[in-house]
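Examining the three-dimensional arrangement
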Amino acid sequence: MNTHRGYAKGKKPGNRKKNTGKSRNRSAKVRMNRTIRTGLIVLVLLTVFLAVCGLLSAGGFPGDSGYGRVDADASEPEIDVQLLDVNPYSRPGTQSDGITGIVIHYTANPGSSAQDNRDYFNGLQDSHETKASSNFVVGLGGEIIQCVPTWEVAYASNDRNYDSVSIEVCHPDETGRFTKKSYESLVQLTAWLCVKFDLTADDVIRHYDVTGKNCPKYFVEHEDAWEDFRENVSLAITSEN
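By the naming in an unreviewed UniProt entry, the protein is N-acetylmuramoyl-L-alanine amidase, taken from Candidatus Mediterraneibacter quadrami.

For the rest of this paragraph, the subject is the pattern of salt bridges. For the structure shown, the criterion picks out 6 salt bridges. A salt bridge links Arg91 to Glu152, with the shortest nitrogen-to-oxygen separation between them at 2.8 Å. One end of the pair, Arg91, is in the loop between strand 1 (80–81) and strand 2 (101–106); the other, Glu152, is in the loop between strand 4 (144–146) and strand 5 (164–169), and 61 residues separate them in sequence. Each of the two residues, Arg91 as well as Glu152, counts as buried. Of the charged contacts in the structure, one is a salt bridge between Arg160 and Asp163, with a shortest N-O distance of 2.8 Å. Residue Arg160 is classed as partly exposed on the basis of its relative accessible area of 22%. One network of salt bridges, in which partners are shared, links Arg206, Asp209 and Glu223.

With that out of the way, let us pick up a nonpolar patch on the surface. On the surface, Met32, Ile36, Leu40 and Leu43 cluster together into a nonpolar patch covering about 410 Å² of accessible area. Looking at the element boundaries, Met32 is found in helix 1 (residues 13–58).

If you walk across this open sheet you meet the 6 strands as 1-4-3-5-2-6, and the pairing is mixed. In this open sheet, the two strands that pair with only one neighbour each are strand 1 and strand 6 (204–206). Sheet contacts for helix 2 (residues 114–127): strand 3 (136–138), strand 4 and strand 5; angle to strand 3, the most-contacted strand, approximately 150°. Helix 3 (residues 180–196) contacts strand 2, strand 3, strand 4, strand 5 and strand 6 of the sheet and is inclined by roughly 175° relative to strand 5.

A few words now on the nonpolar core. In terms of nonpolar packing, the biggest core is built from 35 residues, with Ile102, Ile167, Phe219 and Phe229 touching the most fellow members. The greatest single-element share of this core, amounting to 8 residues, is contributed by helix 3. Every residue in contact with Phe219, bar those within four places of it in the chain, is listed here: Phe178, Tyr183, Leu186, Arg206, Ala225, Trp226 and Phe229. In this structure, Ala114, Leu124, Ala132 and Val148 belong to the second largest nonpolar core, which totals 11 residues.

Definitions and limits used
Residues numbered from 1 in each chain as written. Predicted model: local features only at pLDDT ≥ 70, side-chain atom pairs only at ≥ 80, totals over all residues. Heavy atoms only, no water. Salt bridge = Lys/Arg side-chain N within 4 Å of Asp/Glu carboxyl O. Helix = DSSP H or I, 4+ residues; strand = E, 2+ residues; numbered from the N terminus. Buried < 20%, exposed > 50% of the residue type's maximum accessible area, 1.4 Å probe, protein only. Patch = residues over 30% accessible without salt bridge, like charges linked within 9 Å, V, L, I, M, F, W, Y side chains within 5 Å. Areas by Shrake-Rupley, 256 points an atom, 1.4 Å probe, with all protein chains shown as cover. Pairing = 2+ DSSP bridges. Contact = heavy atoms within 4.5 Å. Axes fitted to C-alpha atoms, helices over the stretch in contact; angles between N-to-C directions. Core = buried A, V, L, I, M, F, W, Y, C linked by side-chain atoms within 4.5 Å.

Put into structure tokens, the structure is as follows:
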């Protein structure tokens, strides 16, 4: 008598039970792998989301100026005039030769304020640490402090000290990237100075263009951002005409 009736040839009734157990194990593994994959996908998406949020709050993506079109004009901005004491180290009191350019700098002192930098310049008369200053300093919140009159020499731009106005800009971190408010104030201040001295955006240069120094750092390392800045200045000048 064939005792294996109803089963495939070569298989015993006990095999069905064993296969069922293996199938259950495989199903459990599939579910576990699916759960892990889903978790990883969610983690990746969350990481990307947080990264994008961070980039947007900082003003853009690497390789992109991040500032875009700035709604600024060439009207005179609000300026806090705190002229340095006349001294040989930061404000020699020497009259300029006539302004033919605007030179943009960065403070190279992450997190410092416009007031911090202005006070540092003024303190050089006592510390004798170096000779340095700037006509204007733009702060992290967009505030503008004037340190030296525009008709006087500031110690900022080397060979261009005698025929340019210098602007130092504060920045929050080592990248040298300006905050949105600092950038907007810089555009307006630069445009206003261009109109004041009958200049164009082509007359706006970086400290780097004078000496090769990596200043202002972000505008040197991101040429597209520098060109966008000058375009914004040009548009602001045009809006006044």
